[in-house]
Structure formats: structure tokens, C-alpha cells
Amino acid sequence: VRSFSSSPAQHAADVKSLGVIGAGQMGLGIALVAAQRAQVPVMLIDTSDTALSKGMAFAERLLAKDVSKSRITQGQADEARSLLTPSTKMEDLSSVDFVIEAVPEIPKLKLDIFGKLARICPRHTILATNTSSISITRIAAATTSDPTDTSASSRVIATHFMNPVPVQRGVEIISGLQTSKETLETAVEFCKKLGKVTSVSADSPGFLANRILMPYINEAAICLETGVGDRDSIDAIMKNGTNVPMGPLQLADFVGLDTCLSIMKVLHEETGDSKYRPSVLLGKMVDAGWLGKKSGKGFYDY
Ligand code: CAA
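Here goes a summary of the coordinates provided. Bear in mind the structure is a predicted one, so any value in this text is a computation, not a measurement.

Quick word on the overall build of the chain
Right, so step 1: Across its full length, the chain carries eleven helices and eight strands.
Right, so step 2: Compactness check: the chain gives a C-alpha radius of gyration of 20 Å against a globular reference of 19 Å for 302 residues, within 12% of the reference.
Right, so step 3: Seen through its principal axes, the chain has C-alpha atoms that stretch 60 × 50 × 35 Å.
Right, so step 4: Residue burial in the chain is summarised as follows: out of 302 residues, 47% are buried.
Right, so step 5: Sequence-distant contacts in the chain: of pairs separated by 6 or more residues, those separated by 24 or more amount to 71%.
Right, so step 6: A total accessible area of about 14100 Å² is found for the chain, and carbon and sulfur atoms account for 54% of it.
Right, so step 7: Each charge class in the chain can be summarised by its mean position, and for the 32 positive and 32 negative side chains these summaries are 3 Å apart.

Right, dumping it as C-alpha cells:
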């Protein structure tokens, strides 16, 4: 890993290594895309060896699929695989140039991680979060106990990838109050190197993607709960009428009903606007443990 000056950010061309925290669906997808597209070594961090092995096995399945479809050669797949290093130690991020955190959406967990990253990573490293709903300003503030010292918080930014990361091209980039212009430019450039199309949004509840998508999903749930249409009619009209790959209820199952509900709660609570009131049915389904595809039952059975 090259060493850099202590300037707060550098160009994406200077990003010679990446750290990804969280080997779940999102983290693994980001790590794999970085290995394949930017061809940089990726340190993949998770708390358990089991999570890391599961993530690596998923990466291998995706690479094998690309080989079987003749999109890449076996040599290219081996090379991408060799760029991924799993580790359970956050300290292994002590020389990476760019970090993307993709752990579950639990505020305290993310804030603790950013406090640690500010201590572990070099002073030039970009510290990105894949949060879908937590304020970037708040995450950046967790890097320091002295709010006037922005040496770390100016390097914090959100790179919010869409699921599944290897398939969806869009990434929204969100600056906090403390984020520097250089950090924003480097993050945008780096995401472009990953083959992504970037959108820049303000640090506002739900940012852009979920501010628009979640009320759409929520409205579909309200249409179901109030009998405006049945499940299949709701999904069929949106799928066949607007050419989206999934109707809103199927998409809700794909994203996870708990995630949809929690983002609606953030929109509702942080704006105080009743137009974001979460669907009662959505709340009841989460209470029942019907979380969508991952739990085997949601609006559909899996
Ligand atoms: N990881 C990697 N690749 C995946 C994948 C995953 N988890 N799931 C599916 N794919 C790949 C498949 O391998 C397949 O690849 P090939 O073309 O190389 O064979 C391709 O996607 C298509 O998959 P399928 O043929 O199995 O199924 P499909 O055609 O029905 O597509 C889908 C599945 C890609 C998920 C598609 O339905 C889709 O794009 N749905 C909408 C997803 C969406 O809106 N995502 C955004 C969610 S919102 C969000 O992410 C933000 C947030 O904060 C909540």
C-alpha cells in the first residue's frame, strides 16, 4: 500500500486499496465489484469467521457464474478472488486508502465503528458509510470528541449502493456538514471507477433513493391494507405499467419489510410530516416476523 501525504483526501486514481466492513449482501457486493472493476486489493472485515466464509463463498459463486457465462476468464476470476482478504481485525485497515462500512443499520454500531476508524486509518483515508437512513453529519461527528477538529470528520461521506450491488448501477453520494469538497470529489470518482453512476444528495432523511422509493412501497402497502387492490393487482399494474423489474410489494419483500418500516419511521419522525406515516399493515407484518424474502414470508411466500 502506498503512503500518502496527510492531506484530507486524494484523487480516486490514488486509491490503491479498499477496506470493506461487513461481509453481508451489501459489503460483499461492494468488495467484489471493487476487486473486479477497480482491481484494488480489498480487506474484508467482519466480526465472525462464519460471516466471512459465507461472504467469500457467495463471491466465489458470483465469479463462477460470470466464468460460466463467458463474461470473464477463469484467470480473471482467480485474480479478483485473490484481491479479497477476509479478516476479523479492524486494525488490518491501518493502511487502506478508502473504507466503506456496510454493517447493519444500527446507529450505535456505526458510530462506534467510525470512532475506531478515525484512530486506526491513516490521515488521508476516505471513511465512507453505506447507510441508507442515518445522518452522515451524525456519523462524521462520532470520529472526534472535539467538534472543531475536522481532520477526520471532513473525510466522512456516504456511498449508498443499491441492492444487489453487482447488478444495480446507481450509487448515491451524501456529504455531511463536515465533509470536504475533496472527499466528495474522490468518492464520486472512485464510484465511477467501480462502474457506477453517481447521484449527489443532501444529508436529509432518506436522502434521495429512499425518500422516493419508501413512500412508494408504503403507499402500496396502504392500498393493500385499505382494500384498494389486492397484492397481485398492485404489483401487476406497477410492473407492467411502469416497466420496473418488480412490483412494490415484491420489492418490499426483497429489501426486507423491517428495513422498509424502519426507513419510513426515520422519514416520519425526522420530518414530522404525516405524509410519511408508516402503513399499519407493514408494522403488523414486522411484528409477526414476516420480514419478506429473508424470513421465508412477507407479502409472498418463499
Ligand atoms: N447479488 C448479485 N447478483 C445478483 C443478486 C445478488 N444478490 N441477485 C440477483 N443477481 C443477479 C443474478 O445473478 C443475475 O445475473 P446474470 O444476469 O449475470 O445471470 C441477475 O441478477 C438477474 O437475476 P435473476 O435472473 O435471478 O432474477 P431477475 O431477472 O428477476 O432479477 C433483480 C433480480 C436483479 C433483483 C431484479 O429483480 C431487480 O433489479 N429488482 C429491483 C431491485 C431494486 O430495486 N433494488 C434497489 C432496492 S432499494 C436499495 O437497495 C436501497 C435501500 O437503501 C433499501
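A short note on the nonpolar core
Right, so step 1: By size, the foremost hydrophobic cluster in this structure holds 42 residues, and its most contacted members are Leu18, Val42, Leu44, Leu84, Phe98, Phe161 and Phe190.
Right, so step 2: The dominant element in this core, judged by the number of residues it contributes, is helix α1 (residues 25-38), at nine residues.
Right, so step 3: With near-sequence residues (within four places) excluded, Phe190 lies in contact with Ala12, Val15, Leu18, Ala38 and Phe98.
Right, so step 4: Val96, Ile113, Ile134 and Ile174 belong to the second-largest nonpolar core, a separate cluster that totals 22 residues.

Points about the sheet that holds strand β6 (residues 156-161)
Right, so step 1: Strand order in the open sheet formed by eight strands is β3-β2-β1-β4-β5-β6-β7-β8, with mixed pairing between adjacent strands. Each having just a single partner strand, β3 (84-87) and β8 (197-201) make up the two edges of the open sheet. In this sheet, neighbouring strand axes are inclined to one another by 25 degrees on average, regardless of whether the strands run parallel or antiparallel.
Right, so step 2: Direction of pairing for strand β5 (residues 126-129) relative to β6: parallel, over a ladder of three bridges. Within β6, the position partnered with Leu127 by the bridge is Val156.
Right, so step 3: Contacts from helix α6 (residues 181-193) reach β1 (18-21), β4 (98-101), β5, β6, β7 (170-175) and β8 within the one sheet, and its direction differs from that of β6 by about 25 degrees.

Points about the packing of helix α2 (residues 49-68) against helix α3 (residues 74-82)
Right, so step 1: Close contact between α2 and α3 brings their axes to 9 Å; oriented N to C, the two are set at 160 degrees. The orientation of α2 with respect to α3, classified from their angle, is roughly antiparallel. Like other packed secondary-structure pairs, α2 and α3 cross with a definite hand, here right-handed. Here Met56, Glu60, Leu63 and Val67 of α2 lie close against α3, whose contacting residues are Gln74, Ala77, Ala80 and Arg81.

The rules behind each value
Residues numbered from 1 in each chain as written. Predicted model: local features only at pLDDT ≥ 70, side-chain atom pairs only at ≥ 80, totals over all residues. Heavy atoms only, no water. Helix = DSSP H or I, 4+ residues; strand = E, 2+ residues; numbered from the N terminus. Rg over C-alpha atoms; globule rule 2.2 N^0.38 Å. Buried < 20%, exposed > 50% of the residue type's maximum accessible area, 1.4 Å probe, protein only. Contact = heavy atoms within 4.5 Å. Areas by Shrake-Rupley, 256 points an atom, 1.4 Å probe, with all protein chains shown as cover. Lys, Arg positive; Asp, Glu negative; His and termini not counted. Charge placed at Lys NZ, Arg CZ, Asp CG, Glu CD. Core = buried A, V, L, I, M, F, W, Y, C linked by side-chain atoms within 4.5 Å. Pairing = 2+ DSSP bridges. Axes fitted to C-alpha atoms, helices over the stretch in contact; angles between N-to-C directions. Parallel < 35°, antiparallel > 145°, perpendicular 65-115°, else oblique. Left-handed = near helix turned anticlockwise from the far one by under 90°.

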